[in-house]
Amino acid sequence: MAALSRFGRPFIWLALVVVIAMGATACGNDDDDQAVPEVTAAPEATPAPTATTAPEATTAPEPTPAPEPTVEDEPLRVAYLSASSANTWLLSSRNEMEAVAAANNVEITEFDAQFDPSKQTTQFQDAIAAGIYDGVILVSINGIASAPDIEAALAAGMEVVILNQVVGEDFTTSDPQVPGVSASVIAAPFQNGKRLGELAVRACADLDPCKVVYFYGIKGVPLDEALRAGFDEVIADYPAISIVAEGEGKYLGPEEGINVTQDILQVEPDFNVLVGADQSVQGAEIALNDEGKLDQVKLIGLGGSEPAIDGIASGRWFAGVFGAPGDEGRIAMEALVSALTGGPDFGGVDPLVDLPDNGLMTADNVALFTPQWAG
């Protein structure tokens with residue numbers, strides 16, 4: 001009912017005062033037979049609220065109801081099957097994977113195979129059997145022998161991305177070789193071998209003959225054999241270049257490189273170029289320096305580690321092939337997130353192809369490269 005005008009019938013005010021007084025004394029009465037006519041109190045007579053009753057009128061707006069609570073989205077669960085959690089290259093990959101995961105509500109569980117192929121097989125099968133993982137990032141120790149477990153993971157509804165290693169028979173390509181794999185992120189070993197060969201040709205440009213010492217990582221392993229095959233393909237067109245000795249650094253620290261280089265110097269004291277993984281070349285540098293031969297040998301590394309880039313920048317190393325473990329890890333996780341959220345497959349990704357000079361580092365361009373691992 002609208003408030004009555006004080007310019008209306010004056011005698012009605014007296015009746016209203018009486019009704020209001022009666023209503024106040026009847027507050028809380030539930031007797032429906034004693035209905036009180038609906039009225040609006042005059043502005044001068046708004047009653048104060050009791051402790052349990054809100055005012056009938058207020059100048060403040062009605063409070064906005066609190067939103068209904070929402071259930072936070074469950075994280076995507078990813079099994080990361082690492083070849084070795086202690087490996088500094090893969091640690092760089094893992095750090096970048098974590099950054100992408102944190103931005104995309106992904107929870108990573110790492111399985112450390114410790115470079116044990118049978119252990120990784122068991123871990124892979126356990127991850128599939130657990131039934132809680134949406135996807136897998138695999139650094140395969142087993143190569144093509146991982147294919148059955150990859151197929152089992154795909155059959156279980158998991159997405160699979162391969163990181164850093166080839167799972168297949170073709171080491172010339174970064175493309176996935178198991179149907180259904182969303183991405184394979186690696187600089188193909190054969191292509192990296194060709195990169196090393198190109199740098200050896202540059203190092204030998206003014207030498208005839210040019211004597212080269214070649215360090216395997218692990219001789220006989222398919223990856224290392226593919227590296228060597230790529231290297232040999234390039235230098236085959238240069239008859240002045242010959243391999244006069246071989247070593248095996250085992251992808252360990254400088255100590256192995258020191259010992260093997262010392263042994264080589266006993267049987268081949270004079271050579272011009274030494275090629276190998278960064279860890280081996282670090283050790284070779286120490287051994288050659290101790291023998292007073294460092295300025296006679298051009299060092300070429302594979303990996304793009306902090307010591308390699310420092311060595312090239314200072315002139316102690318001739319050149320190197322860059323390695324991008326951080327980029328590899330980032331791209332692998334981005335590829336898996338894409339696959340898990342309905343995005344496109346990434347396919348084969350070589351992280352070096354868009355770098356300066358196809359990833360070949362020399363004194364002329366080394367300032368353009370930033371190391372992604374400690375070595």
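Residues numbered from 1 in each chain as written. Predicted model: local features only at pLDDT ≥ 70, side-chain atom pairs only at ≥ 80, totals over all residues. Heavy atoms only, no water.

## Considerations on the overall build of the protein chain
Inference 1: When helices and strands are counted, the protein chain shows 10 helices and 12 strands.
Inference 2: Here the protein chain holds 375 residues, and the buried ones make up 43% of them.
Inference 3: Contacts in the protein chain between residues at least 24 apart in sequence constitute 70% of all its contacts with a sequence separation of at least 6.
Inference 4: Total accessible area on the protein chain is roughly 19500 Å²; 54% of this is exposed by carbon and sulfur atoms. (Helix = DSSP H or I, 4+ residues; strand = E, 2+ residues; numbered from the N terminus. Buried < 20%, exposed > 50% of the residue type's maximum accessible area, 1.4 Å probe, protein only. Contact = heavy atoms within 4.5 Å. Areas by Shrake-Rupley, 256 points an atom, 1.4 Å probe, with all protein chains shown as cover.)

## Notes on the packing of aromatic side chains
Inference 1: One pass over the full model with this rule turns up 5 aromatic pairs.
Inference 2: Pairing F111 with Y133 gives two aromatic rings, centres 6.1 Å apart and planes at 75°, and the pair type is edge-to-face. Placement of F111 in strand β2 (residues 106-112) and of Y133 in the loop between α3 (117-130) and β3 (135-138) is noted, with a sequence separation of 22 residues between them.
Inference 3: You can call F111 buried: its relative accessible area is 16%.
Inference 4: Ring centres 5.2 Å apart and planes at 45° place the aromatic pair F322 and F369 in the tilted group. Of this pair, F322 sits in strand β10 (residues 319-322) while F369 sits in the segment after β12 (360-361), placing them 47 residues apart in sequence. For the pair F322 and F369, a shared accessibility class is recorded, and that class is buried.
Inference 5: Put simply, the rings of Y214, Y216 and F231 touch in pairs and so form one group of aromatic residues.
Inference 6: One cation-aromatic arrangement involves R228 over Y214; the distance from NZ or CZ to the ring centre is 4.8 Å. (Phe/Tyr/Trp six-rings, centres within 6.5 Å; stacked < 30°, edge-to-face > 60°. Lys NZ or Arg CZ within 6 Å of the ring centre and 35° of its normal.)

## Quick look at the packing of helix α7 (residues 254-267) against helix α8 (residues 278-290)
Inference 1: Here α7 crosses α8 at 55°, and the two axes come no closer than 7 Å. By the angle between their directions, the pair α7 and α8 is classed as oblique. Between α7 and α8 the crossing geometry is right-handed. Note on element contacts: α8 touches α7 through Q279, S280, Q282, G283, A284, I286, A287 and L288, opposite P254, G257, I258, T261, Q262 and L265. (Axes fitted to C-alpha atoms, helices over the stretch in contact; angles between N-to-C directions. Parallel < 35°, antiparallel > 145°, perpendicular 65-115°, else oblique. Left-handed = near helix turned anticlockwise from the far one by under 90°.)

## Notes on the environment of Q123
Inference 1: With respect to the helices, strands and loops of the structure, Q123 is situated in helix α3.
Inference 2: With relative accessibility at 11%, the residue Q123 sits in the buried group.
Inference 3: Each C-alpha atom of the pair Q123 and L81 lies 7.6 Å from the other, and the pair is 42 residues apart in sequence.
Inference 4: Setting aside residues no more than four positions away along its own chain, Q123 makes contact with L81, F111, D112 and A113.

## Notes on the pattern of salt bridges
Inference 1: Per the counting criterion, the structure on display carries 15 salt bridges.
Inference 2: For K194, the salt bridge is made with E233, and the minimal N-O distance between the two is 3.8 Å. Note that K194 is positioned in helix α5 (residues 189-203) and E233 in helix α6 (residues 222-235), a separation of 39 residues in sequence.
Inference 3: A relative accessible area of 43% places E233 in the partly exposed class.
Inference 4: Salt bridges sharing partners connect three or more residues here, namely K219, R228, D232 and E246. (Salt bridge = Lys/Arg side-chain N within 4 Å of Asp/Glu carboxyl O.)

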